[in-house]
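Residues per chain are reported as follows:
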Amino acid sequence: MSHAPFSLAPDAQIVVTGSLAFDQIMVYPGHFKDHILPDKLHVISISFLVNDMRTQRGGCAGNIAYTLALLEETPRIVAAAGEDFAGYRSWLEQHGVDTSGITVFDDVKTACCHITTDKSDNQITGFFVGAMARAGALSLTTHMGDRAGVVIVAPDDPDAMLRHCHEARDSQLPFLFDPSFQVTAMDGAQLTDCARGAAIVMMNDYEHGVFEKKTGHEGDAIFDLVDTVVVTLGGEGSRILRRNHDPIEVPAVPIARFVDPTGAGDAYRAGFLAGLKRGYDLARCGRMGSVAAAYAVEQHGTQEHAYSRAAFDVRYAESFGAAPDDDTSAAR
């Protein structure tokens, strides 16, 4: 049996720390390469006329909390936002997210990612940190509320991630450490410090390799820091690792139409957490993550997918042969 490393009370709340951001996406109908002169790279100055622009709600904390709310959880976000956050807050609250742990800084804007994509899906990206730079000033213990049962420390300002892991550990609150893209920005000592004592560390395959190299905790040595490691493998599914246990291989879920992989990892984490909240074993938690990720990649944007919990359970059953409550095959 692939038991979860902790259990949660029925009224426990999932706390989500991490970034809140807007994604401003522009589409250039040509190819960047047609306008780049190799002998002029030292003085590059290029302007593109785009034919499509959209602004979407994003950030790891917002994405994870949104999918958790679709699965009938009421997650609480602890994060930093800027003076332009009011509409985003209303969106989250309309979908059942507890935003009372979000601190708004009125003298700065919410973080924003500006992405220009060409016909070949090449991207030029600029990221404005904005209020995210203030996240390290936020105390998890002050903002997590009185029903906190587990916290996921998702990508954010590195100082905030360190602080929130420390505070979760000091509060004896089970936590999941999700370094994601910040695995490249944090050094080995910081990554080791965040992972130590975590119930679960979640990374994709590339990030897992970087984590091992930077920390020196390779192979089974990672279990000196953490009980469980979840490695996502894109279209190959995911793998759940524990010391002295066979790896749990979780298949990906068939998708109707592949549109946009952005946000699939955040959706997977939300599905996995929702499984933990329901008291499922690790294999079923991974399968919940696979179903959630499938919905995400079928839409443009990280919070454009939508479904009921009943529809989600039907899709789970179609993929794995039984609804999650009845899926005894995952536990074998």
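Here is a short report on the structure shown in this document. Treat the numbers as computed from the prediction; the structure is a model and nothing was measured.

Section: the environment of Asp327
Working step 1: Locating Asp327 in the fold gives a position in the segment after helix H9 (309–320).
Working step 2: Considering only alpha carbons, one finds Asp327 and Ala317, 10 residues apart in sequence, at a separation of 8.3 Å.
Working step 3: Each residue touching Asp327, except ones within four places of it in the same chain, is listed here: Arg284, Arg287, Tyr316, Phe320 and Ala322.
Working step 4: Among the polar contacts listed, one links the side chain of Asp327 to the side chain of Tyr316, at a separation of 2.6 Å.

Concerning helix H5 (residues 188–195)
Working step 1: All of the buried residues in H5 are Gly188, Leu191, Thr192, Cys194 and Ala195. All buried residues of H5 fall inside an arc of 165 degrees around its axis, so they share one side.
Working step 2: By the N-cap criterion, in which a side-chain oxygen at the helix start approaches the backbone nitrogen of a residue two or three places on, H5 is capped by Asp187, the distance to Ala189 being 3.1 Å.
Working step 3: Positive phi appears at Gly197, one or two residues downstream of H5, with a value of about 85 degrees.

Considerations on the pairing of strand E8 (residues 148–153)
Working step 1: Across the 6 residues that make up E8, a large majority, 5, are buried.
Working step 2: In this sheet, E8 lies alongside strand E1 (residues 13–17) in parallel orientation, the contact comprising 5 bridges. When the bridges of E8 are listed, Thr17 appears paired with Val153.
Working step 3: Looking at chain direction, E8 and strand E9 (residues 175–177) are connected through 3 bridges and run parallel. Among the inter-strand pairings, Val153 is bridged to a residue of E9, identified as Phe177.

A short note on unusual backbone geometry
Working step 1: For Ser180, which is not glycine, the phi dihedral falls at a positive 45 degrees.
Working step 2: Note on placement: Ser180 falls in the loop between E9 and H5.

What about the sheet that holds strand E2 (residues 21–27)?
Through backbone hydrogen bonds, the strands of a sheet pair up, either in parallel or in antiparallel fashion.
Working step 1: Spatially, E3-E2-E6-E7 is the arrangement adopted by the 4 strands of the open sheet, whose pairing is mixed. Edge positions in the open sheet fall to strand E3 (52–58) and strand E7 (123–128), since each of these has one partner strand only. Ignoring which end each strand starts from, the neighbouring axes of this sheet average 15 degrees apart.
Working step 2: Bridge analysis of E2 against E3 gives 7 bridges, and the strand direction is antiparallel. Paired with Ile25 across the bridge in E3 is Arg54.

Considerations on the nonpolar core
Working step 1: Residues Leu20, Ile77, Phe272 and Leu273 are the most contacted members of the largest nonpolar core, which totals 62 residues.
Working step 2: If one sorts the elements of this core by residue count, helix H8 (residues 282–297) sits on top with 11 residues.
Working step 3: Excluding residues that lie within four positions of it along the chain, Ile77 makes contacts with Val16, Leu20, Ala61, Gly62, Ala65, Leu92, Val97, Asp98, Gly101 and Ile102.
Working step 4: Residues Phe177, Ala195, Val210 and Ile222 belong to the second largest nonpolar core, which totals 31 residues.

Focus on the packing of aromatic side chains
Working step 1: A full pass over the atoms with the stated rule returns 11 aromatic pairs.
Working step 2: Taking 6.0 Å as the distance between ring centres and 0 degrees as the angle between the ring planes, the aromatic pair formed by Tyr28 and Phe32 counts as stacked. In this structure, Tyr28 and Phe32 share a single accessibility class: buried.
Working step 3: With a relative accessible area of 11%, Tyr28 lands in the buried category.
Working step 4: Here the aromatic residues Phe22, Phe85 and Tyr88 are joined through ring pairs into a cluster of three or more.
Working step 5: When the ring centre of Trp91 is taken as reference, the NZ or CZ atom of Arg57 above it lies at 3.7 Å.
Working step 6: The ring of Tyr295 has Arg315 lying over it, and the distance from NZ or CZ to the ring centre is 4.6 Å.

The rules behind the values
- Residues numbered from 1 in each chain as written.
- Predicted model: local features only at pLDDT ≥ 70, side-chain atom pairs only at ≥ 80, totals over all residues.
- Heavy atoms only, no water.
- Helix = DSSP H or I, 4+ residues; strand = E, 2+ residues; numbered from the N terminus.
- Contact = heavy atoms within 4.5 Å.
- Polar contact = N/O pair within 3.5 Å; in protein donor to acceptor, adjacent residues only side chain to side chain.
- Buried < 20%, exposed > 50% of the residue type's maximum accessible area, 1.4 Å probe, protein only.
- Arc of directions from axis to C-beta.
- Pairing = 2+ DSSP bridges.
- Axes fitted to C-alpha atoms, helices over the stretch in contact; angles between N-to-C directions.
- Core = buried A, V, L, I, M, F, W, Y, C linked by side-chain atoms within 4.5 Å.
- Phe/Tyr/Trp six-rings, centres within 6.5 Å; stacked < 30°, edge-to-face > 60°.
- Lys NZ or Arg CZ within 6 Å of the ring centre and 35° of its normal.

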